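# Observations on chain architecture
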Amino acid sequence: SEQACSLCCFFLDQLHGSAIHLPHSRVKLAVIADAPASKLKALGDQKGWHREKCVPLTLYSTRVGDKNSTFGEDYRVSFSADQMAAEQCVYNYNRQWKYGPKAPGISVFRRRGNEVFHTYSLYSAGLAEVSGLHALLDIIPGGRDE
């Protein structure tokens, strides 16, 4: 059985903690992952992302039946076996990703009526900008110890 991505879970745990403040703003948080909806629900239940009295993380699967949509490819965080073999995995607007078929990223969208606009993305080290834990580690002696 496939394990959940530990880096994804690391960020989702933090986002879940922040999500309680979102109902007071105009922001809605949705998570899109390359896993069947049933696995996402089970993981959310296990991690407590659906607890009562908390804002649940809304989890969407990129899979339709047994096939994936092109969401990950469209936002350059998923790569085919052919791309991996040819070392043609363009990630983060011109960098090469060499660490497997999936890469971390956060994309922000704005909806106006029936139109949806891609407004911002964070990749790789830029993800630390939305990590409360990274911010905390950055101010203590020894920091991230990376």
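First, a word on scope: everything that follows refers to the structure included in this document. All figures in this text were calculated on a predicted structure; none of them were measured in a lab.

How each quantity is defined
- Residues numbered from 1 in each chain as written.
- Predicted model: local features only at pLDDT ≥ 70, side-chain atom pairs only at ≥ 80, totals over all residues.
- Heavy atoms only, no water.
- Helix = DSSP H or I, 4+ residues; strand = E, 2+ residues; numbered from the N terminus.
- Buried < 20%, exposed > 50% of the residue type's maximum accessible area, 1.4 Å probe, protein only.
- Contact = heavy atoms within 4.5 Å.
- Areas by Shrake-Rupley, 256 points an atom, 1.4 Å probe, with all protein chains shown as cover.
- Pairing = 2+ DSSP bridges.
- Phe/Tyr/Trp six-rings, centres within 6.5 Å; stacked < 30°, edge-to-face > 60°.
- Expected span 1.5 Å × (residues − 1).
- Polar contact = N/O pair within 3.5 Å; in protein donor to acceptor, adjacent residues only side chain to side chain.
- Salt bridge = Lys/Arg side-chain N within 4 Å of Asp/Glu carboxyl O.

## Focus on the overall build of the protein
Across its full length, the protein carries 5 helices and 8 strands. With the C-alpha coordinates aligned to their principal axes, the bounding extent of the protein is approximately 45 × 45 × 40 Å. Relative to its 146 residues, the protein shows a buried fraction of 24%. Across the protein, the fraction of contacts at a sequence separation of at least 24, relative to all contacts at a separation of at least 6, is 48%. Total accessible area on the protein is roughly 10,700 Å²; 54% of this is exposed by carbon and sulfur atoms.

## Here's the deal with the pairing of strand β7 (residues 105-112)
Judged from the 8 bridges that link them, β7 and strand β8 (residues 115-123) form a sheet pairing that is antiparallel. In the strand pairing of β8, S107 is matched with S121. The antiparallel pairing of β7 with β8 creates a hairpin that spans 2 residues between the two strands, and G113 there sits at a positive phi of about 60°.

## Things to note about the packing of aromatic side chains
Scanning the entire structure with this criterion turns up 7 aromatic pairs. Aromatic pair F71 and F109: ring centres 6.4 Å apart, planes at 50°, arrangement tilted. Taken together, the residues span a long stretch of sequence, with F71 in helix α3 (residues 71-74) and F109 in strand β7 at a distance of 38 residues. Note on F71: relative accessible area 25%, which makes it partly exposed. Judged by relative accessible area, which is 33%, F109 ranks as partly exposed. By the ring-pair criterion, three or more aromatic residues cluster together here, those being Y91, W97, Y99 and Y123.

## Some points on helix α1 (residues 6-19)
End to end, α1 covers 20 Å across 14 residues, agreeing with the expected 20 Å (1.5 Å per residue, within 8%). Three or more residues of α1 are buried, namely C9, F11, L12, Q14, H16 and A19. Next to the buried residues of α1 lie β1 (30-33), α2 (37-47) and α5 (132-138).

## Remarks on the environment of S121
Within the fold, S121 resides in strand β8. Separated by 29 residues in sequence, S121 and N92 have C-alpha atoms that sit 8.7 Å apart. When sequence neighbours within four positions are dropped, the list of residues in contact with S121 reads Y93, I106 and S107. Polar side-chain contacts of S121 include one of 3.0 Å to the side chain of S107. Polar side-chain contacts of S121 include one of 2.7 Å to the side chain of H118.

## A short note on the pattern of salt bridges
Two side chains bearing opposite charge may form a pair once their charged atoms approach each other closely. Inspection of the entire model under this criterion finds 4 salt bridges. Among the salt bridges present, the one from K102 reaches D34, with a minimum N-O distance of 2.7 Å. Highlighted residues: K102 in the loop between β6 (95-96) and β7 and D34 in the loop between β1 and α2, separated in sequence by 68 residues. We note a salt bridge from R144 to D138, for which the minimum N-O separation is 2.8 Å. For D138, a relative accessible area of 47% gives the class partly exposed.

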